[in-house]
Amino acid sequence: MRPNIKIPEKYRVVIDNDACISCKRCIKECSYGVLDFKDEKVKVKDGCVSCLRCVIECPTSAIEVSEKPSQFAPHAVFSPEIRRSIISQANSGGVLLSSCGANAEYMDIFNDILLDAAQVTNPSIDPLREPVETKTYLGRRPGKVVVDENGKIDLDASETPIVVMDMPIMIGHISLGSISYNAQASLFRAASELNIIAGTGEGGLHADFYPMAKNLCAEVASGRFGVTSNYLREVSCVDIKIGQGAKPGHGGHLPGEKVQKLISETRMIPLGTDALSPYPHHDIYSIEDLQQLISVLKESTEYKVPVGVKIAAVHNVGAIASGIVRAGADFLTIDGLRGGTGSAPRVIRDHAGMPIEIAVSAVDQRLEQEGLRDKVTLCASGSIRTAADMIKCIALGADVVGVCTSAMVAMGCTVCQQCHRGACSWGIATQRPELSSRIDIDIATRRIVNMFHAWNEELKEILGAMGIDSVESLVGNRDRLRYIGPNPRIAEILDVKHSGEGWG
Amino acid sequence: MSKRSENMMIDAGMRNDLGHPLDYRELNRRIREVIASGEDRLVLMNVMGQRYIASATSNPRMRIEIHGTPGNDLGAFLNGGVIEVFGNAQDVTANTMNDGRIIVHGNSGDITGLAARGGTLLVKGNSGYRVGIHIKEFEGKGPNLVIGGYVNDYLGEYMAGGTILVLGLEVEGSPVGLHVGAGMHGGRIYVRGGLEKHQLGPAACLADMDEKDEKVVSNLIDQYEQAFNIKVDRSVPVSKVMPLDSRPFRGHYDSTTI
């Protein structure tokens, strides 16, 4: 018996030899070493991950990648994926890693929700001819309006710092380390151009990116990588990372291979060591402890920037969110089950947490019940794939949505889920210079800007169609949603009426 | 130093109309004002547990003397200057310290020196649980933590760099608790008075002291002696704890595409 049993290949690569001009470009492009040139022909070896780099870059479209029909005998319970994982674990004895968001067939509730539109009794608005406001404010709300002696609203009277963004969108926290320098530079530049906020991730901030700090949110995670007083004072907001939707309760682990000079400098750790983020913050074992970290960050930034807390959506999310707001967080980010990651144990990625649709509604309702909702900005992330997801998420209760994977896709990512291997052929989730140079910062920035600009235009179209002239009026407006999925209990929990139910 | 520097004093125990001592926000605001005014010496009297004192102080010439008991998170994100406490410090002293020096003429609480990456912390007496957790170093710059007495469990957990010295003065037996260096993957812990193998956490091991280690320990003892005006008996043997590997979890994961 062999010590290792071979796992059948998942993808088939076919080279059309009539179309192939033997330019060997595909061989250079494939970062997984699948293609080879022998006997004047491109030969295919094992290990294709269907990243499609070769398919898209081939000048004569001579390559086709398709999913192989399963070679396992059909079985309704032991799916091919389950059998593959068992074989792999019996080979290695290791915890299976994966990346991107959950790949299990959990209900996609966004697709079960329909939006309302204005007809007859309330007029719709044409956003191309009338103003529709998408400006969004991040930070603790003052809870009162101060009017000066001239009868004008005094916006500076608020005691708490507020960040103004042109769209209700935040590019989520993706660290330098999990993605390349060029990829992060593109995200940050796009955020500056769009006047929105991008998260730095927990890996600190590279010296080159300080000029863009006004559009950045610093992440303080349990590893405190690169967190210095100077860094905290430069950025426009600070986020305490407690959890991440892709791996609730799990810490970070950047393998030593990725800790090269650039990462080592930015994270301020030795070359080649594993960058480990402890699972909990060891100074936070309670809401009172969290309050301390929030307070010390506010003291350290002299109360000039909002301080937020990011948690993964877990089953008791409503109560936890309430505690976080009471602890003094100026904004609160909930990251749902399907949120992305550069590396996470598959078992956590696919099996722990709660979909963002349910979490955001649960938190919005809970904070509302406790009279806390109007104090904070609620951000929601975890697989906001399109403008439609964004709009539904806002109507379910979020002020701002966090987007990561879609911004990656705008740069070329094909969601092949190999980020943890550090060999991203698109130059995104890698630290290999020959690969990361595949991202042209100018072009990638333009593409991300284009995508979010289009989303914002779509948001205005929908707001106009609903007869709403400001995105703030859509926040938590669950009356404008209807549920059309298979499980009415979900509608109840979401506090959304079923399709067919009127205003009552 | 100028004359006005000598007079810079804040009474943190000053009562307001309700009989409460100075609120931490007010105290810290005043401290920041003093620092911003260009003063480089400040004395805080009657400190009564006010938290977050001197966080993110950066002026390398700043010297803050604290009389009383500062609260949690003393000197968080410290980036320069000296803080000297004539009393005990509470939890999370020197949280994520980057540079500077904190001297405590007493004990310090749990998670002292959390995630520090530079600077020096000298504690005359004992310290609590999880001291020096996840401290790290970069290009020769790392934190030095010296604890004069006993340190409780999980000393140097997740440690990725830097130096910890436990002197065990007036302690009978080993001056450290259990799970020393659990999951450590960098740095070094010196224990004067030694420890048994069973006190080590996973990924840590005992190593022989070499000449370089002796020098490091001797230098830190010099600093301790100078700070507290105490003589340390240097004939007591010192044990060294090291990481087994800079990549403790290699092989724990399987990245096969399934």
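Residues numbered from 1 in each chain as written. Chains lettered and ligands numbered in written order. Predicted model: local features only at pLDDT ≥ 70, side-chain atom pairs only at ≥ 80, totals over all residues.

**Student:** Before we go on, may I ask you to explain the overall build of chain B in this structure?
**Tutor:** For chain B, the helix and strand inventory stands at 3 helices and 12 strands. The C-alpha radius of gyration of chain B comes to 19 Å, within 12% of the 18 Å expected for a compact globule of 258 residues. Judged by the C-alpha coordinates and their principal axes, chain B covers about 60 × 55 × 35 Å. The 258 residues of chain B split such that 53% are buried. Long-range contacts, defined as pairs at least 24 residues apart, comprise 41% of the intrachain contacts of chain B with a sequence gap of at least 6. (Helix = DSSP H or I, 4+ residues; strand = E, 2+ residues; numbered from the N terminus. Rg over C-alpha atoms; globule rule 2.2 N^0.38 Å. Buried ≥ 20, exposed ≤ 12 C-beta atoms within 10 Å, placed from the backbone. Contact = placed C-beta atoms within 7 Å.)

**Student:** I keep staring at helix H4 (residues 181–194) of chain A and nothing clicks. Help me out?
**Tutor:** Side chains of residues three or four places apart in an α-helix project in the same direction, reflecting 3.6 residues per turn. Residue and element names in this part refer to chain A. End to end, H4 covers 20 Å across 14 residues, agreeing with the expected 20 Å (1.5 Å per residue, within 8%). Summarising burial for H4: 12 of the 14 residues are buried, a large majority. Within H4, burial applies to Tyr181, Asn182, Ala183, Gln184, Ala185, Ser186, Leu187, Phe188, Arg189, Ala190, Ala191 and Leu194. Looking one or two residues past H4, Asn195 carries a phi angle of roughly 50°, positive in sign. (Expected span 1.5 Å × (residues − 1).)

**Student:** Is there a simple way to explain the environment of Met242 of chain B in this structure?
**Tutor:** Residue and element names in this part refer to chain B. Summarising the element assignment, Met242 is placed in strand S11 (residues 238–243). On the neighbour-count criterion, Met242 (17 C-beta atoms within 10 Å) is partly exposed. For the pair Met242 and Gly75, spaced 167 residues apart in sequence, the C-alpha separation works out to 28 Å. In contact with Met242, not counting residues within four places along its chain, are Arg188, Cys205 and Ala207.

**Student:** Looking at this structure, I do not really get unusual backbone geometry. What am I missing?
**Tutor:** Backbone phi values are negative for most residues with the exception of glycine, while trans is the configuration of most peptide bonds. With a phi close to 65°, Asp495 of chain A is a non-glycine residue in the positive phi region. Note on placement: Asp495 of chain A falls in the loop between helix H15 (488–494) and strand S21 (497–498). With a phi angle near 60°, Ala54 of chain B is a residue other than glycine that sits in the positive phi range. Structurally, Ala54 of chain B can be placed in the loop between strand S2 (41–48) and strand S3 (63–69).

**Student:** Explain the packing of helix H11 (residues 387–396) of chain A against helix H14 (residues 441–466) of chain A to me, please; I cannot follow it from the model alone.
**Tutor:** The angle between the axes and the distance between the axes are what describe a pair of packed helices. Residues and elements named next belong to chain A. Contact geometry for H11 and H14: axes closest at 9 Å, N-to-C directions at 55°. Relative to H14, the element H11 is oriented oblique. You can see that H11 and H14 cross each other, and the crossing is right-handed. Every residue of H14 that contacts H11 at Ala387, Met390 and Ile391 is listed here: Trp455, Glu458, Leu459 and Ile462. (Axes fitted to C-alpha atoms, helices over the stretch in contact; angles between N-to-C directions. Parallel < 35°, antiparallel > 145°, perpendicular 65-115°, else oblique. Left-handed = near helix turned anticlockwise from the far one by under 90°.)

**Student:** Would you explain the domain arrangement of chain A in this entry?
**Tutor:** Where interface size is quoted, it is often the accessible area lost as the parts come together. Residues and elements named next belong to chain A. When the domains of chain A are assigned, the result is domain 1 (11–94) and domain 2 (136–142 + 156–252 + 289–498). Contacts between the two partners involve 9 residues from domain 1 and, on the opposite side, 7 residues from domain 2. Tallied by class, the residues present in the side of domain 1 that touches domain 2 amount to 5 nonpolar, 2 polar and 2 charged. (Domains from an automatic or database assignment. Nonpolar A, V, L, I, M, F, W, Y, C, P; charged D, E, K, R; others polar.)

**Student:** Would you take a moment to explain the confidence of the model for chain B for this structure?
**Tutor:** Low-confidence regions, as indicated by low pLDDT, have predicted coordinates that should not be scrutinised in detail. Across chain B, the average pLDDT comes to 94, with 97% of residues at 70 or higher. Our summary of model confidence lists the complex with pTM equal to 0.95 and ipTM equal to 0.94. (pLDDT = per-residue confidence, 0-100.)

**Student:** Would you take a moment to explain the pairing of strand S16 (residues 331–335) of chain A for this structure?
**Tutor:** The side chains of a regular strand alternate, residue by residue, between the two faces of the sheet. Residues and elements named next belong to chain A. Counting buried residues along S16, 5 of its 5 residues qualify, which places the element largely inside the surrounding structure. Alternating positions in S16 separate into two faces, Phe331, Thr333 and Asp335 on one and Leu332 and Ile334 on the other, with burial throughout. Inspection of the sheet shows strand S15 (residues 307–312) paired to S16 by 5 bridges, in the parallel sense. What sits directly across from Ala312, in S16, is Asp335. Remark: the S15/helix H8 (residues 317–326)/S16 crossover connection has right-handed handedness. Here S16 runs beside strand S18 (residues 377–381); their pairing, made up of 5 bridges, is parallel. Residue pairing for S18: Thr333 is matched across the bridge by Cys379. (Pairing = 2+ DSSP bridges. Right-handed = clockwise from strand over helix to strand, strands pointing away.)

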